[in-house]
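Geometric and topological summary
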Amino acid sequence: MSVLTIRSHKRFAVRRSVTLREEAGGKRGGLMIELSCEGCRISGVNSLAYTIHQTVALDLGEDE
């Protein structure tokens, strides 16, 4: 059974390598797969390593 989720903002499919920088100084790589004006979805990152409302910064590389 699928569940329909109504989103407040349109999401766009992307494929972009990113680095997540944690407040404690750690880094993890991932793949951004969706982007909206309020956030993004990143694949390939262990979600258990993070808590809800934990602050991270996204590094998109030198070109961005």
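Reading guide: rules and limits
Per-chain numbering applies: the sequence of each chain, read as written, is numbered from 1 onward. Reporting of local features is limited, given that this is a predicted model, to residues whose pLDDT is at least 70; pairs of side-chain atoms are given and counted only at 80 or more, and all residues count toward the totals for whole chains, interfaces and linings. Side-chain metrics rest on all non-hydrogen atoms present in the structure, leaving aside hydrogens and water. Nonpolar core, defined: a set of buried Ala, Val, Leu, Ile, Met, Phe, Trp, Tyr and Cys residues in which side-chain atoms within 4.5 Å join the residues together. Categorising residues by exposure relies on relative accessible area from a 1.4 Å probe, with only protein chains included: less than 20% of the type maximum marks a residue as buried, more than 50% marks it as exposed, and the intermediate range marks it as partly exposed. Every residue pair with non-hydrogen atoms within 4.5 Å of one another is taken to be in contact. Whether two strands pair comes down to DSSP finding at least two bridges between them. Each helix is a run of DSSP H or I of at least 4 residues and each strand a run of E of at least 2, with the numbering of both proceeding from the N terminus. Axes here refer to lines fitted to C-alpha atoms; in helices the fit is confined to the stretch in contact. Angles between the N-to-C directions go from 0 to 180 degrees.

**Quick notes on the nonpolar core**
- The biggest cluster of nonpolar side chains holds five residues, and these are Val18, Leu20, Met32, Val45 and Tyr50.
- Not counting residues within four places of it along the chain, the set of residues in contact with tyrosine 50 comprises Leu20, Glu22, Arg28, Val45 and Val56.

**Focus on the sheet that holds strand β4 (residues 56-59)**
- The four strands are arranged β3-β2-β1-β4 in an open sheet whose pairing can be described as antiparallel. Looking along the sheet, the strands with just one partner apiece sit at the ends: β3 (39-43) and β4. Neighbour to neighbour, the strand axes of the sheet diverge by 50 degrees on average, direction disregarded.
- Looking at chain direction, strand β2 (residues 27-36) and β3 are connected through five bridges and run antiparallel. Bridge pairing in β3 places methionine 32 opposite isoleucine 42.

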